[in-house]
Amino acid sequence: MKYMKGRVEDIKITYIGGGSRGWAWQLMSDLAKEEQLNGTVKLYDIDYEAARQNMMIGNGLKVREDVKSKWDYQAVATLDEALQDADFVIISILPGTFNEMASDVHAPEKYGIYQAVGDTVGPGGIVRGLRTVPMFIEIAKAIEANCPKAWVINYTNPMSLCVKTLYEAFPQIKAFGCCHEVFNTQELLAAALEDMEGIKDVTREEIKVNVLGINHFTWLDKASYKSIDLLPIYKAFVDKYYISGFEKEKAGHWMNDHFSSCNRVKFDLFKRYGLIAAAGDRHLAEFMQGNWYIENPAQVMEWKYSLTPVSWRKEDLKERLAKSERLVKGEEQFELVDTGEEGVRQIKAIVGLGDLVTNVNLPNKGQVANLPLGAVVETNAVFRRDEVVPVLAGSLPAGIASIAARHIANVQMTLEAAMEKDKEKAFLAFINDPLVSIGVEDASELLTEMLSNTASYLEGWEI
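None of the values given here were measured: they were computed from a predicted structure. (Residues numbered from 1 in each chain as written. Predicted model: local features only at pLDDT ≥ 70, side-chain atom pairs only at ≥ 80, totals over all residues. Heavy atoms only, no water.)

Asker: Let's hear about the UniProt feature "binding site: substrate" (unreviewed entry) in the protein: which residues, and what values?
Answerer: In the UniProt entry, the feature "binding site: substrate" (unreviewed entry) is given for Asn157. Mapped onto the secondary structure, Asn157 falls in the loop between β6 (151–154) and α6 (159–169). On the basis of relative accessibility, which here comes to 14%, the residue Asn157 falls in the buried class. The residues touching Asn157, leaving out its near neighbours within four places in the chain, are Pro95, Asp119, Thr120, Arg128, Cys162, Asn215 and His216. (UniProt positions renumbered as here; feature names shortened; annotations may be inferred. Helix = DSSP H or I, 4+ residues; strand = E, 2+ residues; numbered from the N terminus. Buried < 20%, exposed > 50% of the residue type's maximum accessible area, 1.4 Å probe, protein only. Contact = heavy atoms within 4.5 Å.)

Asker: Kindly report on the packing of aromatic side chains, identifying the contributing residues and their values.
Answerer: Tallying each qualifying case throughout the model produces 15 aromatic pairs. Ring centres of Phe217 and Phe287 lie 5.1 Å apart, and the angle between their planes is 15°; this geometry places the pair in the stacked category. Of this pair, Phe217 sits in strand β9 (residues 217–225) while Phe287 sits in helix α10 (residues 281–287), and the two are 70 residues apart along the sequence. Across this residue pair, the class does not change: Phe217 and Phe287 are buried. On the numbers, 4.8 Å between centres and 65° between planes, the contact of Phe237 with Phe246 is edge-to-face. The structure contains a cluster of three or more aromatic residues connected by ring pairs, namely Tyr234, Phe237, Tyr241, Phe246, Phe267 and Phe270. In this structure, Arg385 is placed above the aromatic ring of Tyr3, and the distance from its NZ or CZ to the ring centre is 4.3 Å. (Phe/Tyr/Trp six-rings, centres within 6.5 Å; stacked < 30°, edge-to-face > 60°. Lys NZ or Arg CZ within 6 Å of the ring centre and 35° of its normal.)

Asker: Describe the packing of helix α15 (residues 398–420) against helix α16 (residues 423–432), listing the residues and the values that go with them.
Answerer: Remark: α15 packs on α16, axes separated minimally by 8 Å, with the N-to-C direction vectors making an angle of 155°. Comparing their axes, α16 and α15 come out roughly antiparallel. At the point where α15 passes α16, the crossing takes the left-handed sense. Contact residues: Arg406, Asn410, Met413, Thr414, Glu416, Ala417 and Glu420 in α15; Lys425, Ala426, Leu428, Ala429 and Asn432 in α16. Per-class residue counts for the contact of α15 with α16 are five nonpolar, three polar and four charged. (Axes fitted to C-alpha atoms, helices over the stretch in contact; angles between N-to-C directions. Parallel < 35°, antiparallel > 145°, perpendicular 65-115°, else oblique. Left-handed = near helix turned anticlockwise from the far one by under 90°. Nonpolar A, V, L, I, M, F, W, Y, C, P; charged D, E, K, R; others polar.)

Asker: Which residues make up α16, and what values go with them?
Answerer: Along α16, the residues that are buried comprise Ala426, Phe427, Ala429 and Phe430. All buried residues of α16 fall inside an arc of 165° around its axis, so they share one side. Against α5 (122–146), α15 and α17 (440–453) lie the buried residues of α16. Capping the start of α16, Asp422 holds a side-chain oxygen 3.0 Å from the backbone nitrogen of Glu424, two or three residues further along. (Arc of directions from axis to C-beta. Polar contact = N/O pair within 3.5 Å; in protein donor to acceptor, adjacent residues only side chain to side chain.)

Asker: Pulling in residues and values, what's your account of α17?
Answerer: The terminal C-alpha atoms of α17, which comprises 14 residues, lie 20 Å apart, in line with the 20 Å expected from a rise of 1.5 Å per residue. Residues of α17 that are buried include every one of Ala443, Leu446, Leu447, Met450 and Leu451, and no others. End-on view of α17: buried residues confined to an arc of 130°, all on one side of the axis. Along its buried surface, α17 packs onto α4 (98–106), α5 and α16. (Expected span 1.5 Å × (residues − 1).)

Asker: Break down the nonpolar core for me, with residues and values.
Answerer: One recurring pattern in soluble globular proteins: nonpolar side chains tend to sit buried together. Membership of the largest hydrophobic core comes to 86 residues, with the highest contact counts inside it found for Phe217 and Phe430. It is α15 that provides the largest number of residues to this core, a total of nine residues. Filtering out sequence-adjacent residues up to four positions away, Phe430 remains in contact with Pro123, Ile126, Val127, Val436, Ala443, Leu446, Leu447 and Met450. Core analysis: the second largest hydrophobic core is formed by 42 residues, Ile13, Val67, Ile153 and Phe334 among them. (Core = buried A, V, L, I, M, F, W, Y, C linked by side-chain atoms within 4.5 Å.)

Right, dumping it as structure tokens:
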């Protein structure tokens, strides 16, 4: 890297999963709009042609007048080549294909187990995790060999398990996990401030929060705007919209958007525990007992969120592939958008272009006092030149901590099962998940079926 006054050039970024037709485009947009950074992005993907197409799309930005920085995008064929001397490594991969994910999400439905997402916890999250661990061990070892001092930013789910695996395979790695669920909750708090107090045009960055928990089961015990304590305002807001729910979009939008909700699960958890649940309803529901919010599709409708079928993801991918073709051929112009992600802001802080405080996933060194040390937890952290320092966030209430601890135990058991290729240990995690509320024999049959459906990613297992 070359440091100039107010600018850093020749940054080397490696993007693992660089053929993405979603996250990669968001990174391109964020980099193109950032005038204080410049450098090279190596795109590595097991689908080399996908990475090559993104290379063409990214390099096409350099000739545009509305682009503030010029980045050189390179598609590379091997992981080692991609990582050579990298300053930053971004990991955003799909562990497997949507065919495996279809099994993760829908095979349990035959046993009355429903999942809204199926990528973090629940039977789907655990089986996805089993095939993810070997991939992340390979990535961590390659980082150790090629760029051991690089900063590693993970976006892949299951987030806690992915970050845990990176540190297990390479203890000196400088890795953290990023998730935007807290950002959405800050935006909800800004909406509550406008709705209840008439204070408009508040940005999410102006909403200061204390974050503690684990990824997708994250909580806020403090929230403020300037001198205003937002907890009482949020309580009144919850009371007002508890039955109807609250949508920032037009009424009924949640029924046509698989990623939207009316926040009713979030509101109910606030009434139960007194803290603001800082993840989306689709994720939060999966961490609780299955009969609370996700017992069946009818109950999901009552709570006003949606189950995301993998068939929809497959159709959406077809649309994004078609868009990629249009972008490569110049039939459609790449749109620079505000992505809402903070990866580029984090990079700026780490290279010394201003401090940043934001939420990340890191091994627990006491930042959440009553969760196990070494477990990957989500809190705020201070980003500054060449360091990321987690903020001491305090303790979770006992009721929340006990639920989080159960899922932390499952992450550890899943990691050990994947590393040891141990089906019995995998079953202990599987049956311990609160959504797997079926008999032991049925649970064993379900796990065997799901492992068989993802067997091509479980080399050496006896299924």
